[in-house]
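The chain contents come next:
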Amino acid sequence: MKRFRFASLALASGFAAAAAVHAARPQYGGTLRVETQATLRAIDPAGDAADREGATLARRVRPLVFETLVQVDPRGGLRPLLATAWESDARGARWRFRLRSGVALHDGTPLEAWQVAASLRMTADGWTTSIDGEVIVVQPSAPRADLAWELSDARHAIVVRRSASELTGSGPFRVERLEPARLVLRAHDRYWGGRPFVDAVAIDMNRMPSAQLASIESGRAEIVDLQPADTRRVVQRGLQVAASRPLDLFVLAFEPHRAAAAHDAVRRALAGAVDRAAIASVLLQGRADAAEALLPSWLSGYSPSLVAPEFPRATRASTAAFPQEQRTLTLRVDPSDGVAKAIGDRIAVDAREAGFTVAVQVPAGLAPRPDVRLVRIALDPSSPDRTLARFAREAGARSVALATAETAPGAAAAIDGVARFERALLKDAVIVPVVHVPHLYAVSESVETWDGAVVTPTGGWNFANVWIRSKPQRE
Amino acid sequence: MTLRTRLFVLVGTIVALTVVLVTVTVSAAARRSFAALDAQRTAVLVAQVRREFAVEGEQVAQRLERIAASDAVQRIANDLRRSAGDPAASVGDAAPLAQAQGLDFLDIVTDQGTIVSSAHAPARFGYRHPLLTGETAALDPAGAPFLQRVELPGDAALGMMATRAVAAGDRRVYLIGGRKLDEHFVRALVLPEGMRAVIYRNVEPAVSRRQFVDASGVVVDSGPLEPLVARVRESRQEARDVVREPGGDESMAALPLPGRDGAVLGVLLVGSSSRELSALVSRIRWSGVALGALGIVFGFILSYAVASRVTRPVEELADAARAVARGTWDTRIETAGSGEVGDLAAAFNLMTRQLVDQRDRLVQAERVAAWRELARRLAHELKNPLFPLRLTVDNLRRARCLAAAEFDEVFEESIGTLTSGLESLTAVVGRFSDFARMPVPVFADVDPNEIAQRAVKLFQAQFAGGRRPAITVTLDLDPSIGTIQADGEQLGRALTNLLLNAIDAMPDGGSLTVRTRRVDENVVIAVADTGTGLTEEERSRLFTPYYTTKQHGTGLGLAIVQSVVADHNGTIRVDSTPGGGTTFRIELPPARPGDRA
């Protein structure tokens, strides 16, 4: 509604001021063209993505179509979405969510509480959901203090299933069509938060980074993925750079045969050889943060030095003390991840300068067993405990078990418990954080936003508030 | 070994030796020519490679010059000056600059030696460049191109490099760039047929197969080249060797490619395939073999022809000679042709013709002589009895005038004389008739010892002497002589004649020996006396009929002996010297003529 109010004000401002405010006045219409390297196979929030990039894209696209009851506030905490208020008992065994009134689904029908309860039953196995008027009552199988946080996850978005293939949501956009390489979203005219400015969002998928750059530079796209190394080029061409907070973490994860205590000194020496600052400031053009700890400070709230061990700077002389076979390592990187390849190359250079022989392995198929992997892990931008628990899931139980025998902190764990577990993960240098990397996008100069940035600090696509500035007409 | 075989061996050997000699000589000449050509081509190719190196270096320097003159580099230099060498703003600048100029390597380096941006090793920013590890002044900002080992991510390469410097205020930025020395460089070389060029990039601690590149990329089978490269790496000197390749030997020259400090950074291998030489030598060898085979066949044919022309007349001549020996004196050789063999054949034919003529003349002469001898002997034999008959007839004619009584007495006496004379004439005629009518021998098993003993017994009285000195007879008979097929009567008659001759030859007595022996399969009967012996002339005419040296001999005795021996297919021989006695030796075969196999 706010956008309609603004339109009225704008009309009332008179023609004299029209030219002056032309550039700042939101405009309706147009199609926001987005290109990305990832591919989305299904829009259903209950579905799993085939790969990491697909999962990231799903986390961006699905909230545009399907909404959760609550969402993470980039400034901290949760904020209402479909639920206007929520409460629980002291143990977290019974939760009540009040449904926002006037929410229309994409097919025009109103969203009702029973539909929300039915949707949650589909995504939360073992939970008991019921309704109490406009209130949805959720009783988890075990008390959960963080259930509201859990429900902020896109997996628990409210989906009304008319049939097996007909999914209806309440988000600002509805799915017009989903093709193997193209997704078209149409503006939801009766969106409870106000109709989006753009008529549609067309997302071209499976586009190579170089092709995306070419598209945005030639005006064929408004928003594309951006590699850190290309930010300078994008800025030089007058384009905007939209970035989230650092949401991805690159870590070195040693394989079991290198995780033993006999290799402890080698691991520490290699960790000490990596010039994280150079990677963050030069290779990633200052768009990333050198990572000493797993959780970024903005998320954990404590200093990395609290949990990160000290790695002495490795030199050729100190490395020469290791046996040759220990000094020779194979570093595997994801062949589809250009940033990982660049970071891996730099780590290899740093390691070689310190006397190691590191071969970067970019396997296209079967490859010999590596000694260490460079892994990109998507951080959950919610709470430290949930982020660390998700890290443990994404890094894999095997890697976590190699690093520490401690168990991950439970739901709504205290911050000191989170720090203790993180410290335990890092102390033996089996998992070595390298760098925190944000999600970067190149944004056309014609893209404006009414509220917030194109990309939220937590990585979400704020496309409902995006409008496209038309090119000035010659008189 | 026959003449034909000898000729074949001789001609074959000469042909084979000639072919081998020619083949070896031509092959050696071909090898020398190819070696000289190889050396020449290798020198040309090496010169070409040096030119290409110079051209490549010049191109690299020019491209680097264009980069140094670009606004982008000037901006980078200014940015670096302002940011005190922070590489963040320029870390990605080297790659597009290198790509635009077609360079494989490009490092942008501060005057402190720190890499700001690297096209080929983007991750090396912030580290010191290997060429600037010491004082920066050591780097000639516009020096000549040079070979350099270039570190790549996880690998190393060999590059033709150049350096340039760009000034920005009081600071400088160095550009160190170049192009990879790989198959593209080799591909630019114009290689003569049968030659190849391989570059070994000496960028690894040990000789590595993947560093051998030729025009088609990494050399698949570089194993044979590795020892040569190892030698050059060690000695830093040019080396040559013959490399065994599946397609044939290859003459390979290996030249070190030094870097700025003289270290061997690469090895240029120029190979010249000996396939053509091998093919030529093979062709020569096979031609030699073919010519040799042809020569041997030709030698065989030639030797056969020559031998035919030479040995066939000789063989015919030998056959003819054997025919002549068998008594076919009118044998002729029907050999056409000229030369020595023709002359020999003609001479042989002339010889046989003359032999036949002489034989005919001899026969004619002997026949005439025999007739004369017969006539003389007949006249002599008849003259003796005729003379008393004539005197008797004359007495009768005179007695007609005598009284009847006296006439009757004379008549009776004359009739007696005439009768005696006519009987004598009849006896003479009978002896001649007997010789003319020699009977056909009747063969039977006879004992030669017995025949000899019987013959000797007939003349016991004469041997004993009486009115003449006695003759001592010795019978030396071989008791194991056995029997032979012979006519015993005729053989006894022949022995009798020989004994009579021996008695006549020893008027003053002497010694007579009759001996029998078995020699091989034949039987030898010898009659030896110690008489007066025979002169050479007597011995040559001894068996001529009617020839005699005795006052009252008929000259038929030994002729009859020879006739008997000849009828028995035997031979008779006489050994005699005047005053030394005479020995007749009859040799008879054990079987009669025609019974022999």
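If you're wondering where the values come from, they're calculated on a predicted model, not measured in any experiment. (Residues numbered from 1 in each chain as written. Chains lettered and ligands numbered in written order. Predicted model: local features only at pLDDT ≥ 70, side-chain atom pairs only at ≥ 80, totals over all residues. Heavy atoms only, no water.)

Observations concerning the interface of chain B and chain A
Part 1: Residue-level contacts link 16 residues of chain B with 13 residues of chain A.
Part 2: Both faces combined, the contact of chain B with chain A buries some 1,200 Å², and carbon together with sulfur accounts for 54% of it.
Part 3: Among the residues chain B hides against chain A, the three largest losses belong to Ala-123, Phe-125 and Tyr-127 of chain B. Together they make up 48% of the total.
Part 4: Run the count over chain B and chain A and you get six residue pairs in polar contact (both at pLDDT 80 or more). (Contact = heavy atoms within 4.5 Å. Buried area = accessible area lost by both parts, 1.4 Å probe. Polar contact = N/O pair within 3.5 Å; in protein donor to acceptor, adjacent residues only side chain to side chain.)

Some thoughts on the pattern of salt bridges
A side chain of one charge can pair with a side chain of the opposite charge if their charged atoms are brought near each other.
Residues and elements named next belong to chain A.
Part 1: Evaluation of the coordinates by the stated rule reveals 57 salt bridges over all chains.
Part 2: In this structure, the salt-bridge partner of Glu-87 is Arg-96, at a minimum N-O distance of 3.5 Å.
Part 3: On the basis of relative accessible area, Glu-87 is assigned to the partly exposed category, the value being 47%.
Part 4: Between Arg-373 and Glu-255 there is a salt bridge whose closest N-O contact spans 2.7 Å. Linking Arg-373 in strand β18 (residues 372-378) with Glu-255 in the loop between β14 (240-254) and α8 (264-273), this pair joins segments that are 118 residues apart in sequence.
Part 5: Judged by its relative accessible area of 26%, Arg-373 falls in the partly exposed class. (Salt bridge = Lys/Arg side-chain N within 4 Å of Asp/Glu carboxyl O. Buried < 20%, exposed > 50% of the residue type's maximum accessible area, 1.4 Å probe, protein only. Helix = DSSP H or I, 4+ residues; strand = E, 2+ residues; numbered from the N terminus.)

Quick notes on the packing of helix α9 (residues 276-283) of chain A against helix α13 (residues 338-353) of chain A
Residue and element names in this part refer to chain A.
Part 1: Direction vectors running N to C along α9 and α13 enclose 135°, while the axes themselves pass 11 Å from each other. In terms of orientation, α9 and α13 fall into the oblique class. For the pair α9 and α13, the sense of crossing is right-handed. Residue-level inspection shows Ala-278, Ile-279 and Leu-283 of α9 in contact with α13, the latter providing Ala-342, Ile-343, Arg-346 and Ile-347.
Part 2: In the contact of α9 with α13, the residues fall into six nonpolar, no polar and one charged. (Axes fitted to C-alpha atoms, helices over the stretch in contact; angles between N-to-C directions. Parallel < 35°, antiparallel > 145°, perpendicular 65-115°, else oblique. Left-handed = near helix turned anticlockwise from the far one by under 90°. Nonpolar A, V, L, I, M, F, W, Y, C, P; charged D, E, K, R; others polar.)

Quick notes on the confidence of the model for chain A
Part 1: Averaged over all residues, the pLDDT of chain A is 87; the fraction at 70 or higher stands at 93%.
Part 2: Looking at the elements of chain A, mean pLDDT is at its lowest for helix α1 (residues 2-12) of chain A, recorded as 41, and at its highest for strand β12 (residues 200-204) of chain A, recorded as 97. (pLDDT = per-residue confidence, 0-100.)

Here's the deal with the packing of aromatic side chains
Part 1: Applying the stated criterion across every chain, the model contains 11 aromatic pairs over all chains.
Part 2: Ring geometry for Phe-53 of chain B versus Phe-185 of chain B: centroids 4.8 Å apart, planes at 40°, classification tilted. Remark: Phe-185 of chain B occurs in helix α4 (residues 183-187) and Phe-53 of chain B occurs in helix α1 (residues 3-68); sequence separation between them is 132 residues. The two residues Phe-53 of chain B and Phe-185 of chain B agree in class, both being buried.
Part 3: Through pairs of rings, three or more aromatic residues link up here, namely Tyr-441, Trp-461 and Phe-463 of chain A.
Part 4: For the cation-ring pair, Arg-100 of chain A lies above Trp-192 of chain A, with the distance from its terminal atom to the ring centre recorded as 3.9 Å.
Part 5: For Arg-346 of chain A, the ring lying beneath its charged end belongs to Phe-125 of chain B, and the centroid distance is 3.9 Å. (Phe/Tyr/Trp six-rings, centres within 6.5 Å; stacked < 30°, edge-to-face > 60°. Lys NZ or Arg CZ within 6 Å of the ring centre and 35° of its normal.)

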